[in-house]
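# Fold and contact review
Residue-level listing of the chains:
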Amino acid sequence: MVELKSNDQANKLGAIATFLDTPVTGIPHKSLNSSKGVIRSRDLRCCTEEEIVEEPRGATHARRIKVRRGEDKIQTDTIVLTCDSPKLPSRIRAGYLTLDVRPSVPLPMRCSKCQRYGHGNDRCKKPAVVCVRCGKGGHVERDCSADPHCVNCRGDHAASSKTCPKFLEEQAILCYKAENGGRFQQARKAVVVEIQKTISMRTFASAVKSQLRTKPAALPKDGDRSAPSAPP
Ligand SMILES: [Zn+2]
Ligand SMILES: [Zn+2]
Ligand SMILES: [Zn+2]
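Residues numbered from 1 in each chain as written. Chains lettered and ligands numbered in written order. Predicted model: local features only at pLDDT ≥ 70, side-chain atom pairs only at ≥ 80, totals over all residues. Heavy atoms only, no water.

Under the annotation held in an unreviewed UniProt entry, the protein chain carries the name Nucleic-acid-binding protein from mobile element jockey and is attributed to Plakobranchus ocellatus.

## Observations regarding the side chain of Gln-115
Which entries qualify depends on this criterion: Put simply, DSSP H or I for four residues or longer makes a helix, DSSP E for two residues or longer makes a strand, and each gets a number counted from the N terminus. Using a 1.4 Å probe on the protein chains alone, a residue whose accessible area is under 20% of its type maximum counts as buried, one over 50% counts as exposed, and one in between counts as partly exposed. Between N or O atoms, a polar contact is any pair within 3.5 Å; within protein, one atom must be a potential hydrogen donor and the other a potential acceptor, and residues adjacent in sequence are included only when both atoms are from side chains. Any pair of residues with heavy atoms lying within 4.5 Å of one another is described as a contacting pair.
Within the element layout of this structure, Gln-115 appears in the loop between β8 (102-103) and α3 (165-180). Since its relative accessible area comes to 3%, Gln-115 is described here as buried. Within polar-contact distance, the side chain of Gln-115 engages the backbone oxygen of Val-130 at 2.9 Å. Discounting residues that sit within four places of it in the chain, Gln-115 has contacts with Arg-110, Val-130, Cys-131, Val-132, Val-151, Asn-152 and Ala-159.

## Quick look at the coordination of the zinc ion (ligand 3)
Short version of the rule: We call an atom a donor if it is N, O or S and sits within 2.8 Å of the metal, or 3.2 Å for Na, K and Ca. Water is not counted, so some sites may look partial. Labels for metal geometry use angle windows, namely 85 to 135 degrees for all angles of a four-donor tetrahedral site, and for square planar (four donors) or octahedral (six donors) sites opposite donors over 155 degrees apart plus all others within 65 to 115; sites meeting none of these are irregular.
The coordination sphere of the zinc ion (ligand 3), as far as protein atoms go, consists of Cys-150 (SG), Cys-153 (SG), His-157 (NE2) and Cys-164 (SG), spread over 2.1 to 2.3 Å. Angles of 94 to 116° at the metal separate the four donor atoms of the zinc ion (ligand 3), which places the site in the tetrahedral class. Read in sequence order, the donor residues for the zinc ion (ligand 3) give the motif C-x2-C-x3-H-x6-C. Owing to a relative accessible area of 29%, Cys-153 belongs among the partly exposed residues under this scheme.

## Observations concerning the layout of surface pockets
Counted only if it meets this: The rule is simple: put a 1 Å grid over the protein atoms alone, call a set of points where a 1.4 Å probe fits but cannot get out a cavity, call an open set with protein on both sides within 12 Å along at least five of seven lines a pocket, and count a residue as lining if it has an atom within 4 Å of a point. Grid points are joined across faces, edges and corners, and a volume is the space filled by probe spheres set on the points. Here the nonpolar group is Ala, Val, Leu, Ile, Met, Phe, Trp, Tyr, Cys and Pro; Asp, Glu, Lys and Arg are the charged ones; every other residue, Gly included, is treated as polar.
Quantified by volume, the largest pocket comes out at close to 1,100 Å³. What lines the largest pocket is a set of 29 residues, and nearest its centre among them are Val-2, Glu-3, Leu-4, His-29 and Asn-33. Residues that form the lining of the largest pocket fall into these classes: twelve nonpolar, twelve polar and five charged. Reported here for the second largest pocket is a volume of approximately 840 Å³. Taken together, 25 residues form the lining of the second largest pocket, with Ser-31, Pro-106, Leu-174, Lys-177 and Phe-184 sitting closest to its centre. Counting residues per element, the ones that place at least two in the lining of the second largest pocket are β3 (35-40), α3 and α4 (184-213). Broken down by element, the lining of the second largest pocket gets its largest block of residues, four residues, from α3. Its residues placed into classes, the lining of the second largest pocket shows nine nonpolar, eleven polar and five charged.

## What to know about the UniProt feature "domain: CCHC-type" (unreviewed entry) in the protein chain
For the record, the criterion: UniProt positions are given in the numbering used here, feature names are shortened, and annotations may be inferred rather than shown by experiment.
The positions that UniProt labels "domain: CCHC-type" (unreviewed entry) are, in the present scheme, residues 131-144. With 0% helix and 0% strand, residues 131-144 has its two end C-alpha atoms placed 8 Å apart.

## What to know about α3
The test is simple: A helix is expected to span 1.5 Å for every residue after the first. It is the directions from the helix axis to the C-beta atoms that the arc portrays.
In a regular helix each residue adds 1.5 Å, so 16 residues correspond to 22 Å; α3 covers 22 Å between its end C-alpha atoms and thus fits that length. For α3, the set of buried residues is Phe-167, Glu-170, Ile-173, Leu-174 and Ala-178. Each buried residue of α3 lies within a common arc of 135° when the element is viewed along its axis, so the set occupies one face. Phi turns positive, to about 70°, at Gly-181, one or two residues after α3.

Encoded structure:
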């Protein structure tokens, strides 16, 4: 995979048919060249999804969020835009409107079979179902009365808990990726560094606090200063 800075570079590279005598073809990456954002506007209420894409420059696809009320599907003012750049623009022009674009963050994907994050049950390689409640194999949640035990963080909650540290970490990575673009693994690295920094700052802060809680060491007074020991 080659990361390029401009369309011009992409066009030049795309024109290359051989590389070191090996025939090559270049195809743009499916997801890394675009970003997803959310806009909200009452003024776009009458526009179709096609009309919305005609107007904002940089948007290639629009999907209006609809909610179900009984039999009806009600249109909301929220529209998910796909933009043609890896980094999401902070604002977008649609006709005479200038709209703020917020990153569209998907929910972390948890496998309903093994309960691990990062893949769906259709891609699961684990042979047996793992209970979402107790983390043990061989039964499902509705047959389970055991104490909750998270298979991802070993905490005393179900693997589906929204307060699970692993869920929160996955969510932070997806937020980072939505705001900064790039690959999931790059986002994971950045978030892990951030978490480590916070932990070491907390450790430092609690160390300072506990130092303050214990009796502060008395500074030596001038007269107390012990005489330098004589060299052996
Ligand atoms: Zn799985
Ligand atoms: Zn169980
Ligand atoms: Zn957990």
